[in-house]
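Tertiary structure, described
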Amino acid sequence: MSLRLILQRGLQYLSPQFNYFSQRLLAQLDSKKRIWIVQVDEGGLKNQSFIVDEDNFQQPMEWMLNKHYSVTDLENVANMKRAEVVSVKLTNAKHSLIRAK
């Protein structure tokens, strides 16, 4: 049984102190790492897809910074919810991002 499932079930059955601790820990589990699926369309046959795992970089959204996303695009990506899709148009490509986690 996963830690997440134990914590979620504990929210229903155990003491208020455990509920508080569970909610805090669940929030930390969700915020530790974000994963995006990125499709890069450069036109014609130059389509590529990537999985971008934030834990593989030194700072949050470093991959997007390296691709020169605008401040507005970075804010949109930072505020994405799971399964949400955002498109970013760069000078030579269009990036479609899906937040997986």
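Above: the structure in question.
Quick look at the structure, then. (Residues numbered from 1 in each chain as written. Predicted model: local features only at pLDDT ≥ 70, side-chain atom pairs only at ≥ 80, totals over all residues. Heavy atoms only, no water.)

**So, helix α4 (residues 71–78)**
In an α-helix, one turn spans 3.6 residues, which is why side chains three or four residues apart end up on the same side. To keep it simple, the criterion reads: Only protein chains enter the accessibility calculation, which uses a 1.4 Å probe; a residue is then buried when its area is under 20% of its type maximum, exposed when over 50%, and partly exposed in between. Strands here are runs of E lasting at least two residues and helices are runs of H or I lasting at least four, both read from the DSSP assignment and numbered beginning at the N terminus. Arc, as used here, means the arc of the directions from the helix axis to the C-beta atoms. Residues count as neighbours in contact if any of their non-hydrogen atoms are within 4.5 Å of one another.
Where α4 is concerned, the buried positions are Asp-73, Leu-74 and Val-77. Considered in projection along α4, the buried side chains sweep an arc of 100° and stay on one side of the axis. The outward face of α4, more than 90 degrees from its buried face, is lined by the exposed residues Val-71 and Thr-72. Residues of α4 that are buried make contact with β1 (35–41), α3 (62–66), β3 (85–89) and β4 (94–99).

**Description of the sheet that holds strand β2 (residues 47–53)**
Convention followed: DSSP calls a pair of strands paired once it identifies at least 2 bridges connecting them. Inter-axis angles, ranging from 0 to 180 degrees, are taken between N-to-C directions of lines fitted to C-alpha atoms, where helices are fitted over the stretch in contact.
Here 4 strands make up an open sheet; going across it, the order is β2-β1-β4-β3 and the pairing antiparallel. Only two strands of the sheet have a single partner each, and these edge strands are β2 and β3. The sheet shows a mean angle of 20° between the axes of neighbouring strands, taken without regard to direction. The pairing of β1 with β4 spans 6 bridges and is antiparallel. Residue pairing for β4: Asp-41 is matched across the bridge by Lys-94.

**With respect to the pairing of β3**
Covered by surrounding structure in β3 are Val-86 and Val-88 only, the residues Val-85, Ser-87 and Lys-89 on the alternate face being uncovered. In this sheet, β4 lies alongside β3 in antiparallel orientation, the contact comprising 5 bridges. If you follow Ser-87 over to β4, its bridge partner there is Ser-96.

**Concerning unusual backbone geometry**
For His-68, which is not a glycine, the phi torsion comes out positive at approximately 65°. Although it is not a glycine, Ala-83 sits at a positive phi angle of roughly 70°. By secondary structure assignment, the location of Ala-83 is in the loop between α4 and β3.

**Here we look at the environment of Val-85**
For Val-85, the position within the fold is in strand β3. The exposed category is assigned to Val-85, whose relative accessible area is 52%. Sequence-wise, Val-85 and Ala-100 are 15 residues apart; in three dimensions their C-alpha atoms are separated by 9.7 Å. In contact with Val-85, not counting residues within four places along its chain, are Met-80, Leu-97 and Ile-98.

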